[in-house]
Amino acid sequence: MQPIPAQPLRAAHDREIESLAEFDAVVTEHGSLARFRVQAVDLTGRTDVLLRLDTTGAVFLGCPMAPEAATRVGAAGALVFPPIPGLPFDPYRAFAYTPDELFESLEEGYEATPDARAYAWFQRTKADGDVFASMLRAIHDDAVSDALDELLVGARVVGVMGGHAMARGTDAYAGAARLGRALTRAGFTVATGGGPGAMEAANLGAYAAPFADGMLDDALRLLAKAPSFRPSVTDWARAAFEVRERWPGGGDSVGIPTWFYGHEPPNAFAAHLAKYFANATREDGLLARSTAGVVFLPGAAGTVQEIFDNATPNYYESRGEPTPMVLVDSGHWRRELPAWPLLRSLARERAMESRIALVDRIEQAPEAIKRLGG
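Residues numbered from 1 in each chain as written. Predicted model: local features only at pLDDT ≥ 70, side-chain atom pairs only at ≥ 80, totals over all residues. Heavy atoms only, no water.

Looking at an unreviewed UniProt entry, the chain carries the name LOG family protein, with the source organism given as Streptomyces cinerochromogenes.

Below you can see the structure in the form of structure tokens.
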């Protein structure tokens, strides 16, 4: 199992400050904050620094600071976007979410968690025509995309797509978990839609990768006592946290869920959750970041859409060289929902033809991904 690699500084990000430790390091090294971007860092304890350093051209995004500091840096040529009170989320956040963060207060019931409260806010504001609310959603989603790009620098990402209805305790769920484990042990970073069903199973498999094989079998049995997030998200999530508490320190993976489908909660096994309000941004971002290929498990309309959302840039090579696409279960993709014949016809005599495969069993998918990726 290989963790997501540390991110080197890049030209677009080497002037971003995303933690108090980074802030202090920049102050020590540069003695200036000019033209830096400070993102969601609590600066209430750094008033003396803000009152004396050059902040020309700096931007402060959602950074709590003393009133005199805010006045001074603004007068000195910085832009200050203050924190927004009363929101159940931070629109300027600098990092992806964690399961512990989204499920905080789960002991009081799922409705008390930040995840549920953010969804409730979205439900109240998504159709009210308030430009301020829509602006906050857009800023949040752009911040999440920026955090996700920084997180995945250098990672070989394989997306795993499949239906949310796949229940714990089923052979299909166990197979998806073994897929996530095999991909992670092969050095890939597993990325899913971050929700329940096949998505949770793949993230669970990645979490199980550092442990002996028997751990996954035991975890599957524990999870089976709450097969679905219906009727109780609380019970479903608590079962996942029970697994995490029994086996702490699991492997890294990424989940990219959305509050657009707020009835589908995020799963607790993805180490990093890049949760969006806009589903279109989330869908395209998940596929675009799956740079080492995508595995499509049996699913319904959503998975079919994802197949062809991924096929289109491969067909036109709009993102460069086509990436591997592996469809699992020939009966499903040939007969029940015959996406494979159409995909094969689209690929004929194009560069993507050598990058698609249909396999019968989920155990064949990791080797297919490696083979198609060269």
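More follows now that the structure is in view.
## Points about the overall build of the chain
Broken down by element type, the chain carries 15 helices and 11 strands. Taking 2.2 N^0.38 as the reference for a compact globule, 374 residues should give roughly 21 Å; the C-alpha atoms of the chain span a radius of gyration of 22 Å, in line with that estimate. For the chain, the C-alpha atoms occupy an extent of roughly 70 × 50 × 45 Å along the three principal directions. Counting every position in the chain, which comprises 374 residues, the buried fraction comes to 54%. Residue pairs at least 24 apart in sequence account for 63% of intrachain contacts in the chain once pairs closer than 6 positions are excluded. Split by element, the accessible area of the chain, about 16100 Å² in all, is 53% carbon and sulfur. Taking the average place of the 36 positive charges on the side chains of the chain and the average place of its 48 negative ones, the gap between the two points comes to 5 Å. (Helix = DSSP H or I, 4+ residues; strand = E, 2+ residues; numbered from the N terminus. Rg over C-alpha atoms; globule rule 2.2 N^0.38 Å. Buried < 20%, exposed > 50% of the residue type's maximum accessible area, 1.4 Å probe, protein only. Contact = heavy atoms within 4.5 Å. Areas by Shrake-Rupley, 256 points an atom, 1.4 Å probe, with all protein chains shown as cover. Lys, Arg positive; Asp, Glu negative; His and termini not counted. Charge placed at Lys NZ, Arg CZ, Asp CG, Glu CD.)

## Overview of the nonpolar core
Formed by 53 residues in total, the largest nonpolar core has its most connected members in Val295 and Leu297. Those elements giving two or more residues to this core turn out to be β5 (157-161), α7 (171-185), α8 (198-208), α9 (213-223), α10 (233-246), β10 (325-328), β11 (356-359) and α15 (365-372). Aside from chain neighbours lying at most four places away, what touches Val295 is Val158, Gly159, Val160, Met161, Leu179, Val326, Val328, Ala365 and Ile369. Counting residues in hydrophobic clusters, the runner-up holds 29 residues, among them Val157, Phe308, Ala311 and Met352. (Core = buried A, V, L, I, M, F, W, Y, C linked by side-chain atoms within 4.5 Å.)

## Digging into a positive patch on the surface
A cluster of basic residues, Arg334, Arg335, Arg344 and Arg348, forms a positive patch at the surface. When its relative accessible area of 39% is taken as the criterion, Arg344 is described as partly exposed. (Patch = residues over 30% accessible without salt bridge, like charges linked within 9 Å, V, L, I, M, F, W, Y side chains within 5 Å. Salt bridge = Lys/Arg side-chain N within 4 Å of Asp/Glu carboxyl O.)

## Remarks on the pairing of β11
In β11, alternate side chains face the same way, and those of Ile356 and Leu358 on one face and Ala357 and Val359 on the other are all buried. Sheet topology places β10 next to β11; four bridges connect them, and they run parallel. Directly across from Met325, in β11, lies its bridge partner Ile356. (Pairing = 2+ DSSP bridges.)

## A closer look at the packing of aromatic side chains
Enumeration according to the criterion identifies 13 aromatic pairs in this entry. On the numbers, 5.1 Å between centres and 75° between planes, the contact of Phe260 with Tyr261 is edge-to-face. Members of the aromatic cluster, each reached through a chain of ring pairs, are Phe89, Tyr97, Trp121, Phe122, Trp259 and Phe277. Lying across the ring of Phe122, Lys126 places its NZ or CZ 5.6 Å from the centre. (Phe/Tyr/Trp six-rings, centres within 6.5 Å; stacked < 30°, edge-to-face > 60°. Lys NZ or Arg CZ within 6 Å of the ring centre and 35° of its normal.)

## What to know about the pairing of β10
Alternating positions in β10 separate into two faces, Met325 and Leu327 on one and Val326 and Val328 on the other, with burial throughout. With three bridges connecting them, strand β9 (residues 294-296) and β10 associate as parallel partners. Its bridge partner being in β10, Phe296 is matched across the sheet by Leu327. Regarding the hand of the β-α-β motif, the stretch spanning β9, helix α12 (residues 301-316) and β10 is right-handed. (Right-handed = clockwise from strand over helix to strand, strands pointing away.)

## Some remarks on the pattern of salt bridges
A side chain with one charge can pair with a side chain of the opposite charge if their charged atoms come near. For the coordinates displayed, the defined rule picks out 16 salt bridges. Here Arg221 ties to Asp218 by a salt bridge, and the two come within 2.3 Å at their closest N and O atoms. With Arg221 and Asp218 both in helix α9 and three residues apart, the pair spans about one turn of that helix. In this structure, the salt-bridge partner of Glu283 is Arg282, at a minimum N-O distance of 3.6 Å. For Glu283, a relative accessible area of 10% corresponds to the buried category. Residue Arg282 is classed as buried on the basis of its relative accessible area of 6%. Salt bridges here are not isolated pairs; linked through shared partners, they connect Arg178, Arg361 and Glu363.

## Things to note about the sheet that holds strand β2 (residues 37-39)
Reading across from one edge, β1-β2-β3-β4 is the order of the four strands in this open sheet, with parallel pairing throughout. The sheet terminates laterally at β1 (16-17) and β4 (79-81), the two strands that pair on one side only. Strand direction decides the pairing type here: strand β3 (residues 59-61) and β4, joined by three bridges, are parallel. Looking at the pairing, Val59 lines up with Leu79 of β4.

## Here we look at the environment of Val304
In this structure, Val304 sits in helix α12. Val304 gets classed as partly exposed once you look at its relative accessible area, which sits at 23%. With sequence-adjacent residues up to four places away left out, Val304 is seen in contact with Trp333 and Leu337.

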